[in-house]
Amino acid sequence: MEQYNQWPANHKNDKAPGEKIIKLGRKITDVAGHIMGGVKVEDPEYWGLAEIITEEMAEVGLSMKKRVPYTFSELCHLNKIPKEGEEKFQKLLDEMSYIGLLEYDYGYHYDHNGRTREQTERRYILPMFVPGSAELFNMEELPDGSNPRLKEHPDVAAFFERMTFIPLAGITQMVPPGGAGIGMHVIPVEKAISMENQSMDIEHLSYWLKKYEGHIGVGRCSCRASRKVIGEGVADDDFGWCIGVGDFADYCRETGKGHDITYEEAMAILKRAEENGFVHQITNIDGDNKIFGICNCNVNICNALRTSQLFNTPNMSRSAYVAHVDKDKCVACGRCVEYCPAGATRLGQKLCQKDGSEVRYPKQQLPDAVKWGKDKWDPDYRDNNRINSHKSGTAPCKTACPAHIAVQGYLKKASQGKYQEALALIKKQNPFPAVCGRICNRRCEDACTRGTIDQAVAIDAVKKFIAEQDLKAETRYIPPVVIPASIHMDHFPEKIAIIGGGPAGMSAAFYLAEKGYRPTVFEKNEEPGGMLRYGIPSYKLEKDVIAAEIDVMREMGVEIKTGVEVGKDVTLKELREQGYKAFYIAIGCSAGRRPGVPGDDAEGTTTAIDYLREANTGKTSYTGRVVVVGGGNVAIDAARVSARSGAGEVHMLCLESEAEMPAADDEVREAKEDGVKIQNGWGPKEVLTENGKVTGIIFKKCTSVKNAEGRFAPTYDENETIRIDCDRVIFAVGQRSVWGNLLEGENVTFNGPAIVADKLTYQTGQPDIFVGGDVYTGPKFAIDAIAAGHYAAESLHRYVHNGHMTIGRNRWEFNELDKSNISVESYDNSSRQIEGVDETVPSKSFKDAHLTLTEEQVRKETARCLGCGATIVDENKCIGCGVCTTKCEFDAITLRRDHPECSKMVKAEDKFKHILPYQLKRAVKIVTNKEK
C-alpha cells in the first residue's frame with residue numbers, strides 16, 4: 001500500500017536546524033501550504049536537502065531565482081565573490097551541480113533540425129524539486145554500476161518519494177488534460193499511432209530524438225533506484241532507462257549522472273522498454289516543443305505515473321490516445337491485461353446474456369464533476385491494476401487452467417494456420433506443450449463453454465498438434481530473452497539454483513532464462529524430467545518428447561547438472577559459497593507410501609512410484625499375478641504397465657466407487673481394454689505371506705471414503721472381506737518427498753509433510769529458499785507444477801534483486817463467466833474431432849499408438865470454439881500509452897486520438913493560468929451534478 005504519512009519516521013536530526021536550508025526548501029517547493037506556513041525541520045523539504053547540502057550551498061541557492069539561468073560571473077556578482085575567491089566558488093558550484101542541487105546548460109536552442117545557436121558559457125539553474133533536485137540527488141553513474149550516494153544517504157531516496165507526493169496530494173483532480181506543466185506526460189508507443197494522420201509531431205518519440213540527435217544521453221532511473229532503497233523496488237535493473245536530451249544530456253555526461261548514446265541506441269532502449277511493458281513518458285514543464293528527458297517507466301515504482309494512479313486522476317498522465325478493442329478480433333488471450341499499467345483492460349465475455357443484452361462493465365469514476373478526496377484514491381493501485389478479469393467472468397478455459405494459458409488465442413492462431421505463433425502463445429504460460437498435449441488432465445475442456453451445447457472443444461489435441469513443432473530442431477520455438485534491464489546488459493549475472501529437474505523446476509528455469517538469467521538445475525537422476533520421465537509410461541509419453549522440450553531450455557541458457565544430489569553431493573551452504581543467490585526446491589514426491597497394514601513390506605510388495613521408475617528404465621518384466629491398490633492415475637499406470645509387461649493377471653482395487661475414482665475416465669477405460677480387472681469399494685486389510693513372500697492380499701469393504709466435511713476419512717465393514725491370491729502387490733496409495741540432508745541446518749519449517757511457505761511467493765522461513773510443485777502442494781498434475789514454476793520464477797527474480805516480493809504482482813486469478821446465462825445464436829455445428837490410433841503398433845506395447853490430429857481436423861476443431869472471452873477497456877482509466885498494442889498479436893486493440901487536448905504543453909511557471917480556469921469549470925459541474 002502507498003504510504004500517506006511522512007517517512008522515514010526516524011530520519012536523522014542529529015544537527016542543529018539550518019535556517020538557510022529551511023528557506024531554500026520553502027523557495028523551491030511547489031506546496032502552497034508551505035509557501036504560506038513555512039517549511040519545518042520535520043518536513044522532507046528540509047531533511048531531504050539537509051542530508052547532502054550545506055548552509056553555504058543553500059545560501060547560493062537563495063541568491064538565485066528558480067529555473068532562471070545564470071552565468072558564473074552573474075552568480076559571482078549575486079554572491080559578492082571576490083576575484084581571489086572565484087576558484088573556490090567554482091568548485092562549490094561544481095559540487096552543487098554534481099549532487100543535483102543545480103543544473104546547468106550552455107544556452108543551446110533547438111528546432112526540428114537540431115541546434116540553431118550556441119552559447120559556449122555555462123549557465124547554472126536552480127531547479128524546482130520535481131522534476132529537479134529531488135530526482136537528481138538519486139542519479140549517479142559509476143563505472144561499476146553502483147550508487148553509493150543512496151547507500152550512504154537513504155533519506156535522499158525517501159526525499160524523492162515524498163516530493164513527488166506532497167506537492168500533488170489533494171490537487172491532481174484540478175489539473176486539466178495535458179498536465180498543465182506539471183511532472184511527466186505519457187507519450188504513446190510510436191508504431192501504435194504511426195497510421196494516425198491526426199497525430200502531432202510532439203506525440204512521436206522519433207520526433208524528439210531527431211530533434212535532439214547528437215545530444216542524447218542515458219542515466220540511472222531515479223524512481224527505480226530510490227524505490228529499491230526504500231524497500232519497494234520490483235527488481236528492474238535501475239540503470240540505463242532514463243534518456244536525457246539536449247542540454248540535460250550534456251549536464252548528465254559532465255556531472256557523471258549519465259553518458260552519451262546514439263539515436264540508434266536510444267531507439268533500442270525504447271524497444272526493450274516496450275518489450276517489458278514499460279511506459280514512455282516525456283518531461284512536461286518547459287512549454288511548447290521542449291523536453292529534457294524521455295523515461296521508460298514501470299508503474300510499480302514510477303513516482304510520475306503514481307500521480308494518475310494513486311489519486312485516480314488520469315489527466316495528470318494520459319496521452320491524447322485511448323485504447324479500443326475490436327471484439328470480433330479479440331480472443332481474450334490476456335496479454336494486454338498482463339501489461340496494462342493502468343489496469344484499464346480486464347477480461348470479460350464476448351457472448352451476450354440470455355436476454356440478448358451485453359454484459360455492462362463498471363467504469364472508473366472521474367473527478368470531472370465530483371468532489372474528490374482521499375476516499376476516491378486507490379492506495380493499492382499497483383495490485384489492483386493487476387486484476388485479470390471482471391467479477392462477471394471470462395472464458396472458462398483460461399480460468400480453469402492452472403497455468404491460465406491463452407487457449408482461445410492459440411486455437412485462433414491454429415485456425416489461421418499460424419502454428420509457430422500458436423506455439424509461442426502457449427509458451428507464454430507453459431514450456432511443456434508437447435508433454436501436456438499427451439498427459440494433461442484437461443481441466444480446460446471440463447470447463448469449456450462448448451460443452452454446454454454438445455462436446456467440449458478438443459483443446460489438448462489441438463495443443464498436441466501445435467507442439468509437434470517442438471519435436472524437431474528446425475521448427476521448434478525458442479522464446480526470445482526479454483530482460484528488464486537496458487541495452488547495456490544481455491543477461492543477469494545473479495546465479496540461481498533449481499533443485500529438482502521435474503516440471504516445476506524446469507518451468508522455473510525456463511521463465512528465469514526468458515527473463516535473462518542462466519539458472520542451474522541440479523537433478524539427482526541420470527536425466528531431467530522428474531516424474532514426467534520416471535513416472536509416466538512411454539505408451540502415454542515417449543521420452544523423446546520430454547527431451548525435445550528440455551532441449552529448448554538448454555538453448556535458452558539453462559544449465560542442467562544431472563547425477564547431483566543436493567544435500568549429499570553438494571550442500572546448499574557450499575552452493576552459497578559458489579555464489580548462488582537463491583534456491584528453488586522442486587524435488588517433487590519421488591517416493592511412494594504404504595498403507596500400514598500387516599505384511600505391506602513383504603518381499604513382492606512395492607510402491608507404484610518405484611515400480612514405474614523401474615519400468616521407465618527398462619527393468620520391469622513380470623509374468624505372475626499382480627494386485628494394484630489405489631484408484632488414481634498412478635494406480636492405473638502401474639496396472640497397465642503390469643498388463644503390458646507380461647503379467648498373467650492384473651487386479652486393481654480402490655476405496656472409491658467407479659464414479660468417484662480420481663483416475664480419469666479415459667484412463668479407466670483404457671486400463672480395462674488392457675485386461676485390468678477393476679473392483680471398487682475395497683481397502684487393504686492384510687498382505688498374506690509365506691516364508692516372507694507375498695501369496696495374496698485381503699481387502700475389507702469400504703462403506704464411505706469421506707466424512708461429512710468432505711475430508712478423506714474412510715470407514716469400513718471389517719466383516720465383509722475378499723481375498724485375492726497374487727505374487728506381487730503394488731501400492732498406489734500416496735506419495736512423499738525424500739529430503740535426505742537437503743535442508744539440514746536451514747531455517748525451514750514443516751507442517752506435516754509439507755514445507756511452510758508463503759502461498760503467493762513460495763518463500764520459506766529461509767529467505768533465499770523457495771519451494772514449489774508437489775513438494776509444496778502434495779501430488780498434483782503436471783500442469784499444476786508447471787504453473788507453480790512459472791510463478792516462482794517471478795519470486796526468484798524479485799528476491800535476487802532486492803525487490804518487493806508482492807507489490808504489483810500478478811496473482812493469476814480469473815473468474816469464469818456464467819455459462820447458465822449466455823446466448824449462443826450461431827456456431828459451427830461440426831462434431832468433436834477424435835485422434836486416430838496407429839493400427840501398426842502392437843497391442844499392449846510401450847509405444848504410444850495415439851496419433852495426432854490432421855491439419856484438416858485441426859481446422860474443423862478450432863472452428864468449434866465459441867470465442868466466449870474478450871478484453872474490455874475502461875476508457876476512463878486508460879492513459880493512452882499503447883503498451884497493450886505491442887502485446888496483442890491479433891490486431892484487436894488500437895489507439896484512437898480521443899483527447900487531442902492532452903497534447904498541450906505549457907511551462908511550469910504558467911500552470912495556474914490553466915489550472916484555475918479548468919477548476920472553475922469543474923466546480924460548476926460539481927454543483928450542477930449535485931443539484932441533479
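Definitions and cut-offs
Numbering of residues starts from 1 in every chain and runs along the sequence as written. The model is predicted, so local features are restricted to residues of pLDDT at least 70 and side-chain atom pairs to those at 80 or more, both for listing and for counting; the totals for chains, interfaces and linings are taken over all residues. Excluded from the side-chain calculation are hydrogens and water; included are all heavy atoms of the structure. Labels follow the DSSP assignment, with helices taken as runs of H or I lasting at least four residues and strands as runs of E lasting at least two, numbered in each case from the N terminus. We call two residues in contact whenever any of their non-hydrogen atoms come within 4.5 Å of each other. If DSSP finds at least two bridges between two strands, the strands pair. Exposure is judged per residue with a 1.4 Å probe applied to protein chains only, and the accessible area is read against the type maximum: over 50% gives exposed, under 20% gives buried, and values in between give partly exposed. Definition of a polar contact: a pair of N or O atoms within 3.5 Å, with one able to donate and the other able to accept a hydrogen when the atoms are protein atoms, and with sequence-neighbouring residues admitted only if both atoms are side-chain atoms. Here, a disulfide means two cysteine sulfur atoms that sit within 2.5 Å of each other. Residue count minus one, scaled by 1.5 Å, sets the expected span of a helix. Definition of nonpolar core: a set of buried residues of the types Ala, Val, Leu, Ile, Met, Phe, Trp, Tyr and Cys, connected through side-chain atoms within 4.5 Å. Axis lines are fitted to C-alpha atoms, over the contacting stretch for helices. Their N-to-C directions set the angle, which ranges from 0 to 180 degrees. For this classification, under 35 degrees means roughly parallel, over 145 means roughly antiparallel, 65 to 115 means roughly perpendicular, and everything else is oblique. For any pair of crossing helices, the crossing counts as left-handed if the nearer helix is rotated counterclockwise from the farther one by less than a right angle, and right-handed if it is rotated clockwise.

J.: Any chance you could break down the environment of Ile636 for me, citing the residues and the numbers?
T.: Within the secondary structure, Ile636 is located in helix α29 (residues 633-644). Between the C-alpha atom of Ile636 and that of Ala608, which follows or precedes it by 28 residues, the distance is 9.6 Å. The contact partners of Ile636, leaving out residues within four places of it in the chain, are Met652, Ala663, Glu667, Val668, Ala671 and Ile678.

J.: Please give an account of the sheet that holds strand β2 (residues 103-105) that cites residues and values.
T.: With antiparallel pairing, three strands are arranged side by side in an open sheet as β1-β5-β2. The sheet is open, and its two borders are formed by β1 (70-71) and β2, each paired with just one other strand. Direction of pairing for β2 relative to strand β5 (residues 123-125): antiparallel, over a ladder of three bridges. By the bridge assignment, Tyr104 is partnered in β5 with Tyr124.

J.: Residues and numbers for helix α13 (residues 247-255), please.
T.: Across the nine residues that make up α13, a large majority, seven, are buried. If you check which residues of α13 are buried, you get Asp247, Phe248, Ala249, Asp250, Tyr251, Cys252 and Thr255. Looking at the residues trailing α13, positive phi occurs at Gly256, about 80 degrees.

J.: Can you tell me about the side chain of Gln833, naming the residues and giving the values?
T.: Among the secondary structure elements, Gln833 is positioned in the loop between α32 (782-800) and α33 (855-862). A distance of 3.2 Å separates the side chain of Gln833 from the backbone oxygen of Ser831, its partner in a polar contact. Other than its neighbours up to four places away in sequence, Gln833 contacts Ala458, Leu853, Gln857, Lys860 and Glu861.

J.: An account of the state of the cysteines is needed here, citing residue identities and associated values.
T.: Applying the stated criterion across every chain yields a total of zero disulfides. Cysteine Cys726 remains unbridged, with the sulfur of Cys654 as its closest cysteine sulfur at 16 Å. Among the residues examined, Cys726 registers a relative accessible area of 1% and is labelled buried.

J.: Describe helix α24 (residues 503-514), listing the residues and the values that go with them.
T.: The end-to-end C-alpha distance of α24, which contains 12 residues, comes to 16 Å, matching closely the 16 Å that a straight helix rising 1.5 Å per residue would cover. For α24, a buried count of 12 out of 12 residues is recorded, marking the element as mostly surrounded by other parts of the structure. All of the buried residues along α24 are Pro503, Ala504, Gly505, Met506, Ser507, Ala508, Ala509, Phe510, Tyr511, Leu512, Ala513 and Glu514. One or two steps after α24, the chain reaches Gly516, where phi turns positive at roughly 110 degrees.

J.: So what's going on with unusual backbone geometry? Residues and values would help.
T.: In this model, Val130 is joined to Pro131 through a cis peptide bond whose omega is -15 degrees. By secondary structure assignment, the location of Pro131 is in helix α7 (residues 129-136).

J.: Explain the nonpolar core to me, and be specific about the residues and the numbers.
T.: Core analysis: the largest hydrophobic core is formed by 238 residues, its most contacted members being Ile53, Trp208, Tyr410 and Tyr584. Here the element with the most residues in this core is α32; it accounts for 11 residues. Non-local contacts of Tyr410, meaning those with residues more than four positions away in its chain, are made with Ile405, Ala422, Leu425, Ile426, Ile459, Lys463 and Ile466. Formed by 25 residues, the second largest nonpolar core is a distinct cluster that contains Tyr539, Leu612, Ala647 and Ala663.

J.: How would you sum up the packing of α24 against α32? Please name residues and give values.
T.: Contact pair α24 / α32: the axes reach a minimum separation of 7 Å and the direction vectors enclose 40 degrees. Comparing their axes, α32 and α24 come out oblique. As α24 runs across α32, the sense of the crossing is right-handed. On α32, the residues touching Pro503, Ala504, Ser507, Ala508, Tyr511 and Leu512 of α24 are Ala782, Ala785, Ile786, Gly789, His790, Ala793, Leu796 and His797.

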